[in-house]
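# Secondary and tertiary structure notes
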Amino acid sequence: FQIDKYLYHMRLSEETLQEVSQRFGREMEKGLGADTNPTASVKMLPTFVRSTPDGTEDGDFLALDLGGTNFRVLRVKVSDNGLQKVEMENQIYAIPEELMRGSGVQLFDHIAECLANFMEKLKIKDKKLPLGFTFSFPCHQTKLDESILVMWTKGFKCSSVEGKDVVSMLRKSIKKRGDFDIDIVAVVNDTVGTMMTCGYDDHNCEVGLIVGTGTNACYMEEMRHIDLVEGDEGRMCINMEWGAFGDDGVLNDIRTEFDREIDMGSLNPGKQLFEKMISGMYMGELVRLILVKMAKEGLLFGGKLTPDLLTTGHFETRYVSAIEKEKEGLQKAHEILTKLGLEPSHEDCVATHRICQIVSTRSANLCGATLAAVLRRIKENKGLDRLRSTVGVDGSVYKKHPHFARRLHKTVRKLLPDCEIRFVRSEDGSGKGAAMVTAVAYRLAAQHKARQKILEALKLSHEQLLEVKQRMRIEMEKGLGKETHTEATVKMLPTYVCSTPDGTEKGDFLALDLGGTNFRVLLVRVRNGMRRGVEMHNKIYSIPVEIMQGTGEELFDHIVHCISDFLEYMGMKGVSLPLGFTFSFPCQQNNLDEGILLKWTKGFKATGCEGEDVVNLLKEAIHRREEFDLDVVAVVNDTVGTMMTCGYEDPYCEVGLIVGTGSNACYMEEMRNVELVEGEEGRMCVNMEWGAFGDNGCLDDIRTEFDLAVDELSLNPGKQRFEKMISGMYLGEIVRNILMDFTKRGLLFRGRISERLKTRGIFETKFLSQIESDCLALLQVRSILQHLGLESTCDDSIIVKEVCTVVARRAAQLCGAGMAAVVDKIRENRGLDFLKVTVGVDGTLYKLHPHFSTVMHETVKQLSPKCEVTFLQSEDGSGKGAALITAVACRIREAGQR
């Protein structure tokens, strides 16, 4: 009882520990920030270790462990083949005293000699093996394989090493010998090695902790929080150097007189203050100082002191462990105190036991408080309610003290009740761990190379894009020519739209929009003059499946019924209006008001329609109803509608482009080039139907295995090949096929293919837009993947994002190459050196994808430098556009009548 009162300040309440934990969290923030790092006491050093083991590591590695008077060379064999085996051989070499104080060159020559000796013994001198180097001194790391020594500690004093990269010094010494070669892949701090060793057996391990002679910890931090390293993708292990916590005074209120005394007598006063309250180097000494003070005050040993008890370092930390053992603790206390020349009473032994308990418990509690702060940070980084994580631990205090580990775990559980934390004892972090870091780095490099090789096929060069542009031009010519039209794949259909709006259009028009499972009827009021503009009213009607797949009469009766309902709704029954009909199915037009349906698509199967003029079918249905009469002026393709809508805003708009579920384009061609229609004067809009570009094999050299796979499983194999490389309906499928290929090759999702990934169509194109949006943290990419039933690590998310980027970029570039062919044709048609033109664009991919439009614009600029192309987003080409075509046709018809 007396002791507890005497050491009151060493017994920390839960509130105090919470407070220490909060303070440490703030210190971590400081160390990570670019502006605050220079003055931060907890340095939070980036280690350039970006990933923990995933169990597929494989190969033969060397490790070098230098951190004290001995150093070790190890050979570590890691084999995957489903069993995750690790075999090790190692040899310890001494470092003579004179070398520790000699020149740096001598030290590294000695290390190289020992390495040579070891490789000789194992007969591996002829192999070039990768090596991991555990160098346990304070270093500034700039790359995984570059580490600049800040200062020597632990009795080393070699000249001209401080401020230099230890890897290049070691490389020089090896090169100078010339009898073997190794690949130094990584310099590793022992804390990181500890985390990596455990990470091999437990993939949840993302923290490393050492409590031995010294103390330190590391953990996986999000790159976006690490100001000192470029890049925001993924994670990196941070070596916290947490022993220095408190060096700026933030722990002064909980440090005791004994802590201050220890610090004054140490080799580095004022430094590593947190470590001095915790680690093995100081624990026994703290107990000794307390015993001395109490004896001086007559509270112990009858006030008697001995020379032994007064000697620094004579009460060793291992004595603390021995005295705290359950059974023989008190007897041990008696033995130890007697050895120090004292004659302890039973009470003295009990008191000494209690002092040891208080000192070691405080150590475990403080350690738990800072560790809780680290785990809390990981939990917040991941945005989780419950964190399940593993901490790899090493060090003599943690492993040998009878109660330290249990007390540490208890503190962490108290401070973080909502987390499940597992503690795993690490085996040989500085040896095996260094080999692990190397093995992971090797695996990542090999996998990266393999992925790049696969993605290479999807990356198009400037030359390839120019080639696509030229081929599109050739196909366009074929489609326009009378002789070549029948076998042409790009059909270049005449639309009989011969003029874009000039702004004088006016009147009320109806528009119908049929292109999918919904059907719209619109009333469009076009005004000119001062109040120039367009006012629209519309209503959406559904088309039941039985009507889509019934008879043509039923379908068109349903359409007329909807028109009738709409006119009534608008209070316009009995009015006869000009009407534009957007009919988004393949048609052959012989006139503006005549469209022969070539074939149904998109699930329509109404009988008696294919080969018929849809305007006639509509007129017949109107007459059957005998309720109103409508003047059907134009049958319109949605691409042309898109061009017309923008043409109303911008007189330069002479091209329409759609990149949504599907893709198509139209443009104003000179009548003299439209050989399928009589007449040489003026222009006509040509509906290119460019999705079919490549159906004759002319794009085979740039189509990849993934394009072929998507095509084979589609509803129309061999058809619309260009569209399948560009449009929203297919990009997600291309991505899914690449992800499957990566996974089969073990380059993704740890090689496990889930049933979901095998399912066609799960990867909706909207996910591509979401995954690539810049503000999106990888966390959200992960949640999209989880939503798809794909368990992904951080690295997986980066890879998925990269695949999406490559696929969308190629789509945008191909689309740009097609566009370049179109604008250059218009320019050459008109014999211009320079053309200013606007393209009206619509479609979800163009409008919603974060980078598609930018990449497409850049491509057009590069491939058609003599054209200045403006892109204008269209509003409702199929509704408003159809009305405007009707308005223009009416304007021209009236002018003709005049």
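Quick look at the structure, then. Just so you know, these numbers come straight off a predicted model, no measurement behind them.

What follows is about the packing of aromatic side chains. Enumeration over the complete set of coordinates arrives at 20 aromatic pairs. Among the aromatic residues, ring-to-ring pairing joins Phe 581, Phe 583, Phe 585, Trp 600 and Phe 604 into one connected group. The ring of Tyr 569 is capped by Lys 539, whose NZ or CZ atom sits 4.5 Å from the centre of that ring. One cation-aromatic arrangement involves Lys 836 over Tyr 652; the distance from NZ or CZ to the ring centre is 4.8 Å.

What follows is about the pairing of strand β2 (residues 59-66). With 7 of 8 residues buried, β2 is to be regarded as a mostly interior element. The sheet contact formed by β2 and strand β3 (residues 70-79) spans 8 bridges and is antiparallel. Residue pairing for β3: Phe 61 is matched across the bridge by Val 76. Alignment of β2 against strand β5 (residues 130-135), held across 5 bridges, turns out to be parallel. Residue pairing for β5: Leu 66 is matched across the bridge by Phe 135.

If you look at the biggest cluster of nonpolar residues, it comprises 113 residues, and the most contacted ones within it are Leu 657, Tyr 667, Met 688, Trp 690, Phe 763 and Met 819. Among the elements that line this core, the one with the most residues is helix α26 (residues 794-829), at 17 residues. Once residues within four sequence positions are removed from consideration, Phe 763 is found in contact with Gly 732, Glu 733, Val 735, Arg 736, Leu 739, Leu 768, Ile 771, Leu 785, Leu 788, Val 800 and Cys 804. Among the nonpolar cores identified, the runner-up in size contains 112 residues, and Val 42, Val 211, Leu 291 and Tyr 398 belong to it.

Note that an α-helix has 3.6 residues per turn; residues three or four places apart therefore point the same way. Most of helix α24 (residues 765-772) sits out of view: 6 of its 8 residues are buried. Residues of α24 that are buried include every one of Thr 765, Phe 767, Leu 768, Ser 769, Ile 771 and Glu 772, and no others.

The next thing to look at is the side chain of Glu 275. As for its placement among the helices and strands, Glu 275 is situated in helix α8 (residues 273-278). For the buried residue Glu 275, which engages in no salt bridge, the nearest side chain bearing the opposite charge is Lys 276, 7.3 Å off. Reaching out from Glu 275, the side chain makes a polar contact with the backbone nitrogen of Thr 215 at a distance of 2.8 Å. Apart from residues no more than four positions distant in its own chain, Glu 275 is found in contact with Gly 214, Thr 215, Gly 243 and Tyr 282.

Further remarks concern the environment of Leu 300. Looking at the element boundaries, Leu 300 is found in the loop between α9 (280-296) and α10 (317-323). Assessed through its relative accessible area of 3%, Leu 300 is described here as buried. For Leu 300 and Thr 411, which are 111 residues apart along the polypeptide, the C-alpha to C-alpha distance reads 31 Å. Other than its neighbours up to four places away in sequence, Leu 300 contacts Leu 291, Met 294, Ala 295, Asp 348, Ala 351 and Ile 355.

Let's shift gears to the side chain of Thr 52. Mapped onto the elements, Thr 52 comes out in the loop between β1 (45-46) and β2. For Thr 52, a relative accessible area of 14% puts it in the buried group.

Reading the values: the criteria
Residues numbered from 1 in each chain as written. Predicted model: local features only at pLDDT ≥ 70, side-chain atom pairs only at ≥ 80, totals over all residues. Heavy atoms only, no water. Phe/Tyr/Trp six-rings, centres within 6.5 Å; stacked < 30°, edge-to-face > 60°. Lys NZ or Arg CZ within 6 Å of the ring centre and 35° of its normal. Buried < 20%, exposed > 50% of the residue type's maximum accessible area, 1.4 Å probe, protein only. Helix = DSSP H or I, 4+ residues; strand = E, 2+ residues; numbered from the N terminus. Pairing = 2+ DSSP bridges. Core = buried A, V, L, I, M, F, W, Y, C linked by side-chain atoms within 4.5 Å. Contact = heavy atoms within 4.5 Å. Lys, Arg positive; Asp, Glu negative; His and termini not counted. Salt bridge = Lys/Arg side-chain N within 4 Å of Asp/Glu carboxyl O. Polar contact = N/O pair within 3.5 Å; in protein donor to acceptor, adjacent residues only side chain to side chain.

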